[in-house]
Amino acid sequence: MTSHQPNDDDTPKDPLSEMLAKLFSGDSSIDPQEIAKAAGMPSDPNSMAMMMQQVQAMFSAPSDGPVNWQMAHEQARRVAASGTDPSVTAQQTREVDEALRIAEMWLDPVTEFPSTSTLGRAWSRAEWVEATMDTWKQLTEPVANSIAEALSDAISGQLPEEMKSMMGGASSMFRNMGGAMFGLQLGQAVGALSRDVVSSTDIGVPLAEGKMALLPANVQAFGEGLDIPEQEVRIFLAVREAAHARLFTHVPWLSAHLFGTIASYARGIRIDLSKVEDIARDIDPSNPESMQAALSQGVFTPERTPEQEAALARLETSLALVEGWVDELTAAATVNLPSSSALREMVRRRRATGGPAEHAFASLVGLELRPRRLRDAATLWAHLTEERSISGRDAVWDHPDLLPTTEDLDDPEGFAARRQLLDASESDVDAALARLLDGEFEDPETDQDESGDSPSEPDDSGKS
């Protein structure tokens, strides 16, 4: 077999290999027209130069970890701004501020949690992305890191050894590429969500902690076709936002509880490498679109273990309790709003089933943030209001151990009886512990039966 030398001018050169080698080495001397000609693509110099710059930047962009969060951020901004993302007007800012002020007043009689005194904001979609991106990183980083590492390892493994040696730093490059591809898809999902959400807490977790906000463009889209005055829609959604804000502000452990449950899920992630490798065989490393298409279909979604299923069940119950409490308070606070019942039903269906953007996000990271049992939770909170009054209902949020369970969602009316049994058993333990600490316990050396003999004293035969 004849050995081809790299510097032999007579040796046929593979345009793709040349392009990849230059991309990976950071060489900017690529002739876009030559590559386009070799690939049978249009040879417009400006378009090709722009494409090559984007591909090279994606492959070589450094990141702090396996996921390129800067690229995720930039992609989310682009998607949010695509089409129309009008800047918030002064009129819209006043309308949102007024709606949130009304919401605070209407909530005062229906909950023990006081107003947060938080300034209401009106956000564009891009502003929502800016305000929430750090939380998205916290929510998705454990999942994203595992998937990005598996992706880069699998793609790297598909290359022949001679191409790996030619590329030199292929390992680092493929880590960057995997992180860039996942970052692009995550940014796509977050950007798509920015076009659906109506507030900062619309998905049930505090994405922008300490802030209350509505997105006027999305609020308007939410009310289209409902034959309900836009002001009523805005006030109803403002009440939901203000109720979420009160709950997360006055129950300081709740955010950590939700994020901790998500972390429990992430700790158990195991990527099916064989599945990734099967898909990677069909991926063209020089074609970013093929990798984006694979990711968008959820092919790298981790397989769920029984432990993860249990964590997701806990998360679903917690989200249902949050959304059920907000749902019940909103219904009570807006009882005099003519459209309240219709809007309540629409929000319930929307939250329980999720929209296309939520499904895309769930497919990407294998994590659903939907309270499927919202109606059951709302029924439970309504029952507790009747049984314990508003203060007794809200006192359930005093500690995570007091939260209702899945069993309580199954049988709301039995919650009180189960809680009494739990409280009674805890009281017995507390009383026994108090006696022990006070020295009020029986010494086994002096414990005797009714006859006055020690029960463990041996008889004359020497047998006990």
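Before any of the text, the structure's been laid out above.
Residues numbered from 1 in each chain as written. Predicted model: local features only at pLDDT ≥ 70, side-chain atom pairs only at ≥ 80, totals over all residues. Heavy atoms only, no water.

A. Seen up close, the overall build of the protein. Looking only at helices and strands, the protein features 19 helices and two strands. Across the protein, the fraction of contacts at a sequence separation of at least 24, relative to all contacts at a separation of at least 6, is 77%. Element-wise, carbon and sulfur atoms account for 49% of the exposed surface of the protein, whose accessible area totals about 23400 Å². (Helix = DSSP H or I, 4+ residues; strand = E, 2+ residues; numbered from the N terminus. Contact = heavy atoms within 4.5 Å. Areas by Shrake-Rupley, 256 points an atom, 1.4 Å probe, with all protein chains shown as cover.)

B. View of the packing of aromatic side chains. A complete count under the given rule lists five aromatic pairs for this structure. Seen in terms of ring centroids, W325 and W397 are 6.4 Å apart; in terms of plane orientation they differ by 85 degrees. Their pairing is edge-to-face. With W325 in helix α14 (residues 306–333) and W397 in the loop between α17 (374–394) and α18 (406–410), this residue pair connects regions lying 72 residues apart in the sequence. W397 matches W325 in its accessibility class, with the two residues each being buried. The rings of F113, W253, W325, W381 and W397 are connected pair by pair, giving a single aromatic cluster. (Phe/Tyr/Trp six-rings, centres within 6.5 Å; stacked < 30°, edge-to-face > 60°. Buried < 20%, exposed > 50% of the residue type's maximum accessible area, 1.4 Å probe, protein only.)

C. Structural context of the pattern of salt bridges. Under the criterion given, the structure shown has 20 salt bridges. Between R375 and E345 there is a salt bridge, and its shortest N-O distance comes to 2.6 Å. Separated by 30 residues along the polypeptide, R375 in helix α17 and E345 in helix α15 (residues 340–353) bring together distant segments of the chain. Looking at R375, the relative accessible area reads 37%, which means it is partly exposed. (Salt bridge = Lys/Arg side-chain N within 4 Å of Asp/Glu carboxyl O.)

D. View of the nonpolar core. Counting residues in hydrophobic clusters, the biggest one holds 82 residues, and the most contacted among them are W128, L254, W325 and W397. Once residues lying within four places of it in the same chain are set aside, the contact partners of W128 are W123, W136, V190, L193, S194, V197, S199, S200, L207 and L215. (Core = buried A, V, L, I, M, F, W, Y, C linked by side-chain atoms within 4.5 Å.)

E. Broad picture of unusual backbone geometry. At S117, a residue that is not glycine, the phi angle is positive and equals roughly 60 degrees. Here S117 lies in the loop between α5 (90–107) and β1 (120–122). Under the relative-accessibility criterion, S117 is labelled exposed at 68%. Phi is positive for D227, close to 55 degrees, though the residue is something other than glycine. Here D227 shows up in the loop between α9 (216–223) and α10 (230–250).

F. Focus on the environment of H244. Structurally, H244 can be placed in helix α10. When the C-alpha atoms of H244 and T201 are compared, they prove to be 6.7 Å apart, with 43 residues separating the residues in sequence. The residues contacting H244, other than those within four sequence positions of it, are T201, G204, V322, E323 and V326.

G. The side chain of T201, seen in detail. Note on placement: T201 falls in the loop between α8 (170–193) and β2 (212–214). Of note is the side chain of T201, whose polar atom sits 2.6 Å from the side chain of E241. Excluding anything up to four places from it in sequence, T201 contacts P206, E241 and H244. (Polar contact = N/O pair within 3.5 Å; in protein donor to acceptor, adjacent residues only side chain to side chain.)

H. Examining the environment of L258 more closely. Summarising the element assignment, L258 is placed in helix α11 (residues 253–267). For L258, a relative accessible area of 0% puts it in the buried group. As a C-alpha pair, L258 and L139 span 119 residues in sequence and 9.9 Å in three-dimensional space. Ignoring any residue separated from it by four or fewer positions in sequence, one finds L258 in contact with G204, V205, F248, L315, S318 and L319.

I. Inspection of the packing of α14 against α15 at higher detail. In contact at an axis separation of 11 Å, α14 and α15 are set at 170 degrees when each is read in the N-to-C sense. What the angle tells us is that α14 and α15 run roughly antiparallel. Residues E323, D327, E328 and A331 of α14 touch α15, and the partners they reach there are S340, R344, R348 and R351. In terms of residue class, the contact of α14 with α15 is built from one nonpolar, one polar and six charged. (Axes fitted to C-alpha atoms, helices over the stretch in contact; angles between N-to-C directions. Parallel < 35°, antiparallel > 145°, perpendicular 65-115°, else oblique. Nonpolar A, V, L, I, M, F, W, Y, C, P; charged D, E, K, R; others polar.)

J. Looking closely at the packing of α5 against α10. Look at α5 against α10: their axes get within 8 Å of each other, and the N-to-C directions meet at 60 degrees. Our classification of the angle between α5 and α10 gives oblique. In the packing of α5 onto α10, the handedness of the crossing is right-handed. Packed against α5, whose contacting residues are E95, V96, E98, A99, L100, I102, A103, E104, W106 and L107, the element α10 presents Q231, R234, I235, A238, V239, E241, A242, A243 and R246 at the interface. Of the residues that constitute the contact of α5 with α10, the class distribution is 12 nonpolar, one polar and six charged. (Left-handed = near helix turned anticlockwise from the far one by under 90°.)

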